[in-house]
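The lines below spell out each chain.
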Amino acid sequence: MKKLMSRAERWKKYWEANRTNPEFKARYKKWRDANADKVRSYRRDYYERNKERLAAHAKEYNHKYRFRQSLKQSKAKAKRDGYKACSATEQQIQEAFNGSCHCCGALEQNMNRKLAMDHNHETGEFRGWLCNRCNRALGLLDDKEQGVVNLLSYIRRRRPPPR
């Protein structure tokens, strides 16, 4: 006796058999476009029903592929903002990661935000991992050595005399 399949099982089997078929893709896209409100409503309901599971999956995925995601986001931001993208590989940035800021030494586990991947915007060379404060300071100085030297000189000139 043949086992009856549920509607979901039939759809899954049909999807697997046809998802690479260009005609099926075109027909499915046409249906989605014509039923945009229905699709949006279904996705919203699905998200509400599975919020915890989806959040756990996203957290696991982002942890597992952290360096790939960092590199991907960095390249997208470089393209959007008009500077040279980081030329490092995923393996290179992973090997450089030690869990602390390469500038001030602050540990990532003690921060509210993750360390940022830093690279030279003109050459694309990867420089290291920075905490938010160091990364912002470097950005405000336009990555110029002279700006850092001038700031250090200013601090030393304004230092109160020893007692």
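Higher on the page you've got the structure.
Residues numbered from 1 in each chain as written. Predicted model: local features only at pLDDT ≥ 70, side-chain atom pairs only at ≥ 80, totals over all residues. Heavy atoms only, no water.

Asks: Sorry if this is basic, but what is going on with the overall build of the protein chain here?
Replies: Within the protein chain, the regular secondary structure consists of eight helices and two strands. Along the protein chain, helices and strands appear, N-terminal first, in the series α-α-α-α-α-α-β-β-α-α. Here the C-alpha atoms of the protein chain give a radius of gyration of 25 Å, more than 25% beyond the 15 Å that 2.2 N^0.38 yields for 163 residues. Summarising its shape, the C-alpha atoms of the protein chain cover approximately 95 × 35 × 35 Å along the three principal directions. (Helix = DSSP H or I, 4+ residues; strand = E, 2+ residues; numbered from the N terminus. Rg over C-alpha atoms; globule rule 2.2 N^0.38 Å.)

Asks: It is not clear to me how unusual backbone geometry should be interpreted in this structure. Could you clarify?
Replies: Across residues other than glycine, the phi torsion is negative in most instances, and most of the peptide bonds are trans. The phi torsion at Asp142 lies on the positive side, around 55 degrees, for a residue other than glycine. In this structure, Asp142 sits in the loop between α7 (132-140) and α8 (145-157). A relative accessible area of 54% means that Asp142 is categorised as exposed. Look at Asp143: it is not a glycine, yet its phi comes out positive at around 60 degrees. (Buried < 20%, exposed > 50% of the residue type's maximum accessible area, 1.4 Å probe, protein only.)

Asks: Explain the pairing of strand β1 (residues 116-119) to me, please; I cannot follow it from the model alone.
Replies: On any regular strand, side chains alternate: one points to one face of the sheet, the next to the other face. Of the pairings in the sheet, the one linking β1 to strand β2 (residues 126-130) comprises four bridges and is antiparallel in character. Its bridge partner being in β2, Ala116 is matched across the sheet by Leu130. The loop that links β1 with its antiparallel partner β2 comprises six residues; one of these, Gly124, has a positive phi angle of about 85 degrees. (Pairing = 2+ DSSP bridges.)

Asks: Whenever I open this one, the nonpolar core confuses me. Can you help?
Replies: Nonpolar side chains in soluble globular proteins tend to end up buried together. Membership of the largest hydrophobic core comes to 13 residues, with the highest contact counts inside it found for Cys86, Ile93, Cys101, Met117, Phe126 and Trp129. Secondary structure elements with two or more residues in this core: α5 (66-81) and β2. In terms of residue count, β2 provides more of this core than any other element does, three residues in total. If we skip the residues at most four places from it in the chain, Phe126 touches Cys86, Ala88, Ile93, Ala96, Met117, Asp118 and His119. (Core = buried A, V, L, I, M, F, W, Y, C linked by side-chain atoms within 4.5 Å. Contact = heavy atoms within 4.5 Å.)

Asks: Would you mind going over helix α2 (residues 22-34) with me for this structure?
Replies: Helical geometry: 3.6 residues make up each α-helical turn, so side chains three or four residues apart lie on a common side. Between its first and last C-alpha atoms α2 spans 18 Å; for 13 residues at 1.5 Å apiece the expected length is 18 Å, and the two agree. The N-cap residue of α2 is Asn21: its side-chain oxygen and the backbone nitrogen of Glu23 are 2.9 Å apart. (Expected span 1.5 Å × (residues − 1). Polar contact = N/O pair within 3.5 Å; in protein donor to acceptor, adjacent residues only side chain to side chain.)

Asks: Any chance you could explain the pattern of salt bridges here in plain terms?
Replies: Here the idea is simple: oppositely charged side chains can pair when their charged atoms come close. Here the structure, examined in full by the defined rule, presents 10 salt bridges. One salt bridge connects Lys29 with Asp33, and the closest N-O pair in it is separated by 3.0 Å. Of this pair, Lys29 and Asp33 both sit in helix α2, separated by four residues, roughly a single helical turn. Connected through salt bridges with shared partners, the residues Lys77, Arg80 and Asp81 form a single ionic network. (Salt bridge = Lys/Arg side-chain N within 4 Å of Asp/Glu carboxyl O.)

Asks: How should I be thinking about the environment of Ala78 in this particular structure?
Replies: Inspection of the secondary structure assignment puts Ala78 in helix α5. Take Ala78: its relative accessible area is 0%, and that puts it in the buried class. For the pair formed by Ala78 and Arg44, sequence separation is 34 residues and the distance between their alpha carbons is 32 Å. Setting aside anything within four residues of it in sequence, one finds Ala78 in contact with Tyr83, Lys84 and Ala85.

Asks: Could you clarify how one ought to interpret the packing of helix α3 (residues 36-49) against helix α4 (residues 51-64) in this entry?
Replies: Packed helices, taken two at a time, are described by their axes: the angle between them and the distance between them. Where α3 contacts α4, the axes come no closer than 5 Å and their chain directions differ by 80 degrees. With respect to each other, α3 and α4 are oriented roughly perpendicular. Note on element contacts: α4 touches α3 through Lys51, Arg53 and Leu54, opposite Tyr46, Tyr47, Glu48 and Arg49. Partitioning the contact of α3 with α4 into residue classes produces three nonpolar, no polar and four charged. (Axes fitted to C-alpha atoms, helices over the stretch in contact; angles between N-to-C directions. Parallel < 35°, antiparallel > 145°, perpendicular 65-115°, else oblique. Nonpolar A, V, L, I, M, F, W, Y, C, P; charged D, E, K, R; others polar.)

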